[in-house]
Each structure stands twice: as C-alpha cells, then as structure tokens.
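# What the coordinates show
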Amino acid sequence: MKKLEIILITGAIIVLLLVLFNTPLDSLIASVFFITLSCLYYILGFALFNNIQARKIFKADSYKGIGTWRILIAIGTGIALSILTTGFRFTILSYPAAKTLLVIGLVFVTIIIILALIKNAQEKNQFYKNITLRCLTFLIIAVIFLLLPGHLFETL
C-alpha cells in the first residue's frame, strides 16, 4: 500500500501542474487521483500507517503488538488526511467549501499531532514520529492552500 500511496501522491503533484497550465481533462484526472488517495486514507489508513499489508488486513496475527492507541491514532490520521486531501482537490478545482474542508482537516490534524506527540513522549515509538511528520507535512500544505489567492486555480 505504500507504493500505491507514493504513486497517488506523485500523480497528485503532476495533476497540480496540469491544472496550473490549464490542460484538457485536468479536472477529471485531478478527481481520480485525489479521490483515490482520499479513499485510501479513509478506508485503509489504519493498515497503511501501521505497515500492515493489504492481504494481511483480515488476519489477527497482523495486529499483534499494536495497541489500541496506535489503531485509534491511525484511524484518526486516516480521517484527517482524507478530509485534507478532499480539501486540496476542492481548492485545486475551485469548488465551493474548499476552505471549510481545509479548516476542518487542520483541526483534526492538529489534534492528531498533539496526541501523537503525547504518546511519543510516553512510549518513544517510531510510529508516532512518522504520524507526526506526515501530519505536519499535510498541515503545512493545507496552510499554504488556505493562504493562496482564490483565483489561482480558476480557468481563464
């Protein structure tokens, strides 16, 4: 699933360039990449962030050694990043409610960062460091998108 995430993020960056240059079908391509990435985070975020392979999701052995907090934080991270990914899509395609989605996603990501920092201080686990880094990256991108002028991605 890590490879799929990297492919989708790379595609989303390329789509951003396509939208900036106003190429044909850019909104369709953007929707495919961003919706797929959003669904990946929302549905399979708990497995993705805990490094559980897709074919082992339904096996109980995959969850040994993973505590309740790790699963809850992974689920929360998946929801928060899904909201932010949808907010990015809405911003790039100049849809209404883009800023609202970004603000809601920022609130969720901030809560996840705080929880991950607290749990990392208690347990010193690489999982919480990875979650914090990933959420900070999305937080910075979301703040940049919030500060962009509204007409940047609009078609001519």
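What you are looking at is a predicted structure, and each value in this text was computed from that prediction instead of being measured. (Residues numbered from 1 in each chain as written. Predicted model: local features only at pLDDT ≥ 70, side-chain atom pairs only at ≥ 80, totals over all residues. Heavy atoms only, no water.)

Here the focus is the side chain of D26. By secondary structure assignment, the location of D26 is in helix α2 (residues 26-49). One buried charge, D26, has no salt-bridge partner; the nearest side chain with opposite charge is R89, at 11 Å. Excluding residues that lie within four positions of it along the chain, D26 makes contacts with V15, L18 and V19. (Helix = DSSP H or I, 4+ residues; strand = E, 2+ residues; numbered from the N terminus. Buried < 20%, exposed > 50% of the residue type's maximum accessible area, 1.4 Å probe, protein only. Lys, Arg positive; Asp, Glu negative; His and termini not counted. Salt bridge = Lys/Arg side-chain N within 4 Å of Asp/Glu carboxyl O. Contact = heavy atoms within 4.5 Å.)

Applying the stated criterion to the full structure yields two salt bridges. The closest approach of N and O atoms between R134 and E5, which form a salt bridge, is 2.3 Å. Residue R134 is found in helix α5 (residues 126-147), and its partner E5 is found in helix α1 (residues 2-20); the two are separated by 129 residues along the sequence. Notably, a salt bridge pairs K119 with E123, separated by 3.3 Å at the nearest N-O pair. Taken as a pair, K119 and E123 lie in helix α4 (residues 98-123) at a separation of four residues, close to a single helical turn. In this structure K119 comes out as buried when scored by relative accessible area, which is 11%.

A few words now on the layout of surface pockets. Volume-wise, the largest pocket comes out at about 280 Å³. Going through the elements one at a time, α1, α2, α3 (68-92) and α5 are the ones with two or more residues in the lining of the largest pocket. Considered class by class, the residues forming the lining of the largest pocket number 13 nonpolar, one polar and no charged. (1 Å grid on protein atoms, 1.4 Å probe; cavity = no way out; pocket = protein on both sides within 12 Å on 5 of 7 lines; lining within 4 Å. Points joined across faces, edges and corners; volume = space filled by probe spheres on them. Nonpolar A, V, L, I, M, F, W, Y, C, P; charged D, E, K, R; others polar.)

Glancing now at unusual backbone geometry. Although it is not a glycine, L25 sits at a positive phi angle of roughly 65°. Secondary-structure assignment places L25 in the loop between α1 and α2. The phi dihedral of N51 is positive, around 60°, even though this residue is not glycine. Checked against the element boundaries, N51 lands in the loop between α2 and α3.

Another aspect to go through is α2. Taking 1.5 Å per residue, 24 residues should reach 34 Å; α2 reaches only 30 Å between its end C-alpha atoms and comes up short. A bend of about 70° at I43 is the largest found in α2. Those residues of α2 that fall on the buried side of the exposure criterion are D26, A30, S31, F34, L37, S38, L40, Y41, G45, A47, L48 and F49. On its buried face, α2 sits against α1, α3 and α5. (Expected span 1.5 Å × (residues − 1). Bend = angle between axes of the 7 residues up to and from the residue.)

Interaxial distance between α4 and α5 falls to 9 Å at its minimum, and their mutual angle equals 155°. By the angle between their axes, α4 is roughly antiparallel relative to α5. Classified by chirality, the crossing of α5 by α4 is left-handed. (Axes fitted to C-alpha atoms, helices over the stretch in contact; angles between N-to-C directions. Parallel < 35°, antiparallel > 145°, perpendicular 65-115°, else oblique. Left-handed = near helix turned anticlockwise from the far one by under 90°.)

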